[in-house]
Amino acid sequence: MAEETIFSKIIRKEIPSDIVYQDDKVTAFRDISPQAPVHILIVPNKLIPTVDDVTEEDELVLGHLFTVAAKIARDEGIAEDGYRLIVNCRKHGGQEVFHLHMHLLGGRRLGAMVVKK
Ligand code: AMP
């Protein structure tokens, strides 16, 4: 059984967060350290630690992340100009919280896809 992260507490509303959308499959809330004018995390309610843990039975909820991302982008007024969706996986992907999540970033022109290091 994977270990819960702070995101499970946010989903259950046990700690404060700025939730913008929630249904039986996913929860979306504003990132605590926004990297763009709009920076929202869209998270499956079910704990899936990383993309590497995804199975076929997760396909419905993972597809739903995109439907919800598109809806939130429209609600936030950034759909027309465009935005970026990012899912980081483990160390090289820069994943910090091991509860799979999609970043929705927009509200300004975003930089390069990958920063050279
Ligand atoms: P990642 O690096 O893809 O794992 O992204 C984790 C994201 O979670 C970072 O952008 C953090 O700023 C964000 N984050 C961590 N804790 C919280 C929190 N309590 N509420 C909202 N966002 C958070």
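Conventions used here
Residues numbered from 1 in each chain as written. Predicted model: local features only at pLDDT ≥ 70, side-chain atom pairs only at ≥ 80, totals over all residues. Heavy atoms only, no water. Near = heavy atom within 4 Å. Polar contact = N/O pair within 3.5 Å; in protein donor to acceptor, adjacent residues only side chain to side chain. Areas by Shrake-Rupley, 256 points an atom, 1.4 Å probe, with all protein chains shown as cover. Helix = DSSP H or I, 4+ residues; strand = E, 2+ residues; numbered from the N terminus. Nonpolar A, V, L, I, M, F, W, Y, C, P; charged D, E, K, R; others polar. Salt bridge = Lys/Arg side-chain N within 4 Å of Asp/Glu carboxyl O. Buried < 20%, exposed > 50% of the residue type's maximum accessible area, 1.4 Å probe, protein only.

**Considerations on the site of the ligand**
The environment of the ligand is formed by 16 residues, the closest being Asp31, Asn88, Glu96, His101 and His103. Taking Glu96, its main chain carries an N or O atom lying 2.6 Å from an oxygen atom of the ligand. Contact between the ligand and His101: an oxygen atom at 2.8 Å from a side-chain N or O atom of the residue. Considered on its own, the ligand offers 510 Å² of accessible surface; in the complex 85% of this is hidden by protein. Sort the elements by how many residues they give to the shell around the ligand and helix H1 (residues 6–11) lands first, with three residues. Residues that form the shell around the ligand fall into these classes: seven nonpolar, six polar and three charged.

**Observations regarding the pattern of salt bridges**
Inspection of the entire model under this criterion finds nine salt bridges. For the salt bridge of Glu4 with Arg12, the shortest nitrogen-to-oxygen distance reads 3.0 Å. Under the relative-accessibility criterion, Glu4 is labelled partly exposed at 44%. A salt bridge links Lys71 to Asp75; the shortest N-O distance between them is 2.8 Å. Here Lys71 and its partner Asp75 are both found in helix H2 (residues 59–76), four residues apart, which amounts to about one turn of the helix. Of the residues examined, Lys71 reaches a relative accessible area of 32% and is grouped as partly exposed. Taken together, the shared-partner salt bridges connect Glu4, Arg12 and Glu14 into one network.

Geometric descriptors of this kind do not, in isolation, establish any biological role.
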